[in-house]
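Overview (structure and organization)
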Amino acid sequence: MSLVDFEMSPAANPVDLIEQIAASHDWAFERSGDDEITISVAGSFCDYNVSMSWMGALEALHLACAFDFKVNERRKGEVMHLLALVNEQLWLGHFDLWQSEGVIMYRNALLLSEGMEAGTGQLEAMLAASVESCERYYQAFQFVIWAGQSPEEALSGVLFETQGEA
């Protein structure tokens, strides 16, 4: 068999596996189509609605988690500065400001090209990383939007690490 004759079978839709993960954790979820699911995951500060979409043409699974507050025009510059500072800290994914809606969201993608399939552990880790990032920086965005703190002050307020026991 030559390389020209080789045909790859399409990879399984990872959204089906994500639905199984959501059900196993008793998370509320909704499928809006074969290629999209929204999961509600409880966090310390809010419930996060994590949307995951399979983009077959790109062979990528896209994750988006929007925060439950909007950025007004007056604070957009400071929020954009904070986004840059926060994104420097991240190894996976990034935060964006969806300009048309004024909504901050965490985004990540998993490339599954050439018929690769995602495993349960990989998808659970992707979901966990998104919620952990949102939890870690949620208050920094609140400090800038509602408390009027500078991006540097807000970030330093959430990045401190507690050591020892009281």
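Structural data are supplied above this passage.
So, a few notes on the structure that sits alongside this text. (Residues numbered from 1 in each chain as written. Predicted model: local features only at pLDDT ≥ 70, side-chain atom pairs only at ≥ 80, totals over all residues. Heavy atoms only, no water.)

Describing the pairing of strand β3 (residues 47–55)
In this structure, strand β2 (residues 36–42) lies alongside β3, joined through seven bridges in antiparallel fashion. Considered in β3, the bridge of A42 is made with D47. Hairpin connection from β2 to β3: four residues lie between these consecutive antiparallel strands. Note that β3 and strand β4 (residues 60–70) share seven bridges and pair antiparallel. Note that in β4 the partner of M52 across the bridge is L63. (Pairing = 2+ DSSP bridges. Helix = DSSP H or I, 4+ residues; strand = E, 2+ residues; numbered from the N terminus.)

Considerations on the packing of aromatic side chains
Here the structure, examined in full by the defined rule, presents 12 aromatic pairs. Ring centres of Y48 and Y138 lie 6.4 Å apart, and the angle between their planes is 80°; this geometry places the pair in the edge-to-face category. Taken together, the positions of Y48 in strand β3 and Y138 in helix α3 (residues 120–145) put the pair 90 residues apart, joining distant regions of the chain. The exposure class of Y138 is buried, given its relative accessible area of 3%. On the numbers, 5.3 Å between centres and 70° between planes, the contact of F95 with Y106 is edge-to-face. Residue F95 is found in strand β5 (residues 94–98), and its partner Y106 is found in strand β6 (residues 103–111); the two are separated by 11 residues along the sequence. (Phe/Tyr/Trp six-rings, centres within 6.5 Å; stacked < 30°, edge-to-face > 60°. Buried < 20%, exposed > 50% of the residue type's maximum accessible area, 1.4 Å probe, protein only.)

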